[in-house]
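Each chain, letter by letter, is given below.
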Amino acid sequence: MLKQFKMGCDLQVDVNGEETFFVDKEILSSFSCKLSKLFNNPSANSSAKALKVIFHDFPGGPEGFELFARFCYKNGDLQITPSNTPLLHCIAHFMEMSKATLSSSPCLINSTRKSLEMIQFWTWSDTVNSLKQCQELSAISGSSAVLGKILDSLLARIAAISDASPSDSPESSALRFSCDTRSTVSVKTGNSRSWWFEDLVLLDPRMIEKVIKGMLSRKIEHGTISRFLFYYLKSRLSNAALYEKKKKATEVTIELLNCLDVNSVSCKRLFGILRVSSSLKISRACRSTLEAMIGAQIDQASLDNLLIPSSTLIDSIYDVNLILRFLKSFLDIVGKELVARLKRVGRLMDLYLAEVAPDSCLKPAKFVALIASLPDAARDCHDAIYRAIDMYLEVHSQLSDEEKMKICCCINYEKLSSECCKHLAKNAKFPSRITIQALVSQHSKLRSLLQDTNNIKSTQKSPLKGKQCEDGEQIILYAKKLDLSIENEKLKAHLQGMHWRVMELEKVCKKMQTQMTSIMKSRKYPATSSGSRSLPRLCS
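Residues numbered from 1 in each chain as written. Predicted model: local features only at pLDDT ≥ 70, side-chain atom pairs only at ≥ 80, totals over all residues. Heavy atoms only, no water.

Some thoughts on the overall build of the protein
Now for step 1: Helix and strand counts for the protein come out as 23 helices and 8 strands.
Now for step 2: Per-residue burial for the protein yields a buried fraction of 42% across its 540 residues.
Now for step 3: Intrachain contacts of the protein at a sequence separation of at least 6 include 68% that bridge at least 24 residues.
Now for step 4: Of the roughly 30,300 Å² of accessible surface on the protein, 53% is carried by carbon and sulfur atoms. (Helix = DSSP H or I, 4+ residues; strand = E, 2+ residues; numbered from the N terminus. Buried < 20%, exposed > 50% of the residue type's maximum accessible area, 1.4 Å probe, protein only. Contact = heavy atoms within 4.5 Å. Areas by Shrake-Rupley, 256 points an atom, 1.4 Å probe, with all protein chains shown as cover.)

Encoded structure:
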């Protein structure tokens, strides 16, 4: 496309290969040092009558060059507004218009600087639109200065909202800037203090990164930043058509969320990003960052969050390896000191074990790794683990005794209830050695309880009614109010029953060993009977 400003123009300008302009060389060179130096070069004037200049990266393309030409033809009488200030500022740098070649010619860069000095009077929309324009000019010299000023103005307004009175709740009212060209910031009632979220979602990920880092430097509340980032990513994933744009937005969002306080980031929403990122194939480093963030607050997750399908469905239905990585991150970051959080994770993992135990594809090693992933302090009771193992052994009936023993070794029998111990004693799915081990453990536990009870009872019979504590306080023990004889008898009866069952099992083992000895001796001589007998299971 050709454009001609006046008849008799002697300069042809090709702008980025998109449009060609015919202009007056003298008029343009009087405002641009770049053109003036070019035309003052003798080699440039001696080659041809008609001169041609080609620009490959002119700011704003043909639209930008037309603005530049109009400024020159009108002798600087061009209205400079917030909407064209960033572009004109970059053009002034590109065409070297920091000073006019003629003393009488206006200087464009001075005009744009004056416009930027009045930035506090720009409306919110003007500021946002100028910021969007800056992201298109980011690679051009001079854009960083104007970007810094516009970004500072935007962040100052957001910070003012963030620092507003707590009484201005999101449900009641919020501060919304509505600036006109001649007044200071005024407030306008809105529905939420996050009204500005929607205005910034059109910014590209690189610009959002600059905005968020600016918010962090201004100490804006991390919870507000977190909510904006989730809102931004949701909008980008919904509206972006290209796969690469969705991937870039996801990776930038994850990295920025990782800069925030972990308590300000929603665990549930992180799981949402995790599900989306699987199809986007984000970088390994970025995925590791996301998994570490989730792991750091896995105690806030629900069972539904953890039931993530495996990508292969060969080793297991659910992604067990992912859960193990979550738990490792949790222990690395939180450690074992915060017992309350540790026990929450323990209860969550008990629910997860119950869900994955019936999975016929789940390997014994992975099942054991899930059980043993948390320290013993994470559980006060191992009944849930016993029930999960019981279900797993029922589904995996082909396991050898050695494999069953490795799984059952994860149970702390001292933390089993008496009901589970009774069930285990009759459970044929468990190896006999495990049954004996559980009964012996319960035997020791009950003996200890009985001993403690007898100690209390002997204390009751003592004539001493009180004792002096180390800190000098006296605790009075009234024997008449402590009557543990009934409970003591129950414990004795239960202990005797457990002891009797252990003795019966020992008799069975001795009998089986005697039978085995006889069979081994009989092998030394030919068998007289034609039939064969199956060997009994040994109790070792």
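Points about helix H17 (residues 339–356)
Now for step 1: Here H17 contains 18 residues, and its C-alpha end-to-end distance of 25 Å stays within 8% of the 26 Å for a straight helix at 1.5 Å per residue.
Now for step 2: When H17 is considered as a whole, its buried residues turn out to be Leu342, Val345, Gly346, Leu348, Met349, Asp350, Tyr352, Leu353 and Val356.
Now for step 3: The inward-facing, buried residues of H17 contact helix H15 (303–306), helix H16 (320–334), helix H18 (364–372) and helix H19 (383–395). (Expected span 1.5 Å × (residues − 1).)

A look at the packing of aromatic side chains
Now for step 1: By the definition in use, this model includes 17 aromatic pairs.
Now for step 2: Aromatic pair Phe58 and Phe65: ring centres 5.4 Å apart, planes at 70°, arrangement edge-to-face. We note that Phe58, like Phe65, is buried.
Now for step 3: Ring geometry for Phe58 and Phe94: centres 5.4 Å apart, planes at 75°, overall edge-to-face. Taken together, the residues span a long stretch of sequence, with Phe58 in the loop between strand E4 (51–55) and helix H4 (61–73) and Phe94 in helix H5 (residues 85–94) at a distance of 36 residues. Judged on exposure class, the residue Phe58 and its partner Phe94 are both buried.
Now for step 4: Against the face of Phe39 rests Lys25, its NZ or CZ located 5.5 Å from the ring centre. (Phe/Tyr/Trp six-rings, centres within 6.5 Å; stacked < 30°, edge-to-face > 60°. Lys NZ or Arg CZ within 6 Å of the ring centre and 35° of its normal.)

Points about the side chain of Asp390
Now for step 1: Within the secondary structure layout, Asp390 lies in helix H19.
Now for step 2: Here Lys429 takes part through its side chain, which lies 3.0 Å from a polar atom of the side chain of Asp390.
Now for step 3: Among all residues touching Asp390, those that are not within four sequence positions of it are His423, Asn427, Lys429 and Phe430. (Polar contact = N/O pair within 3.5 Å; in protein donor to acceptor, adjacent residues only side chain to side chain.)

Side note on the environment of Glu402
Now for step 1: Relative to the assigned elements, Glu402 resides in helix H20 (residues 401–408).
Now for step 2: Judged by its relative accessible area of 56%, Glu402 is exposed.
Now for step 3: Spatially, the C-alpha atoms of Glu402 and Pro431 are 9.0 Å apart, while their sequence positions differ by 29 residues.

What to know about the confidence of the model for the protein
Now for step 1: Of all residues in the protein, 74% have pLDDT values of 70 or greater, and the mean over the chain is 80.
Now for step 2: Across residues 165–191, where pLDDT falls below 50, the model places 49 contacts with residues more than four positions away in sequence or in other chains.
Now for step 3: Overall, residues 464–484 carries pLDDT values under 50, and its contacts beyond four positions in sequence, including any with other chains, amount to 17 contacts. (pLDDT = per-residue confidence, 0-100.)

Side note on the packing of H16 against H17
Now for step 1: Packing of H16 against H17 leaves a shortest axis separation of 12 Å and a crossing angle of 170°. What the angle tells us is that H16 and H17 run roughly antiparallel. Contacts between H16 and H17 involve Val320, Ile323, Leu327, Phe330, Leu331 and Val334 from the first element and Arg341, Leu342, Val345, Met349 and Tyr352 from the second.
Now for step 2: Residue composition of the contact of H16 with H17, grouped by class: 10 nonpolar, no polar and 1 charged. (Axes fitted to C-alpha atoms, helices over the stretch in contact; angles between N-to-C directions. Parallel < 35°, antiparallel > 145°, perpendicular 65-115°, else oblique. Nonpolar A, V, L, I, M, F, W, Y, C, P; charged D, E, K, R; others polar.)

Re the side chain of Ser373
Now for step 1: Position of Ser373 relative to the elements: it lies in the loop between H18 and H19.
Now for step 2: Within the local environment of Ser373, its side chain forms a polar contact with the backbone oxygen of Leu370, the two atoms lying 2.7 Å apart.
Now for step 3: Among all residues touching Ser373, those that are not within four sequence positions of it are Leu324, Leu327 and Leu331.

Focus on a positive patch on the surface
Now for step 1: Taken together, the side chains of Arg227, Lys234, Lys268 and Arg269 define a basic patch exposed on the protein surface.
Now for step 2: Listed by contribution, the elements that provide at least two residues to the positive patch are helix H11 (222–239) and helix H13 (267–280).
Now for step 3: On the secondary structure map, Arg269 appears in helix H13.
Now for step 4: Arg269 sits in the partly exposed class, given a relative accessible area of 43%. (Patch = residues over 30% accessible without salt bridge, like charges linked within 9 Å, V, L, I, M, F, W, Y side chains within 5 Å. Salt bridge = Lys/Arg side-chain N within 4 Å of Asp/Glu carboxyl O. Lys, Arg positive; Asp, Glu negative; His and termini not counted. Charge placed at Lys NZ, Arg CZ, Asp CG, Glu CD.)

Overview of the pattern of salt bridges
Now for step 1: All told, the structure shown has 13 salt bridges when counted by the stated rule.
Now for step 2: A salt bridge links Arg70 to Glu66, with the nearest nitrogen and oxygen atoms 2.9 Å apart. Here Glu66 and Arg70 lie together in helix H4, a separation of 4 residues that amounts to about one turn.
Now for step 3: With relative accessibility at 36%, the residue Arg70 sits in the partly exposed group.
Now for step 4: Notably, a salt bridge pairs Arg344 with Asp299, separated by 2.9 Å at the nearest N-O pair. Taken together, the residues span a long stretch of sequence, with Arg344 in helix H17 and Asp299 in the loop between helix H14 (284–296) and H15 at a distance of 45 residues.
Now for step 5: Taking the relative accessible area as the measure of exposure, Asp299 reaches 8% and is therefore buried.
Now for step 6: The network of salt bridges with shared partners includes Arg287, Glu291 and Arg325.

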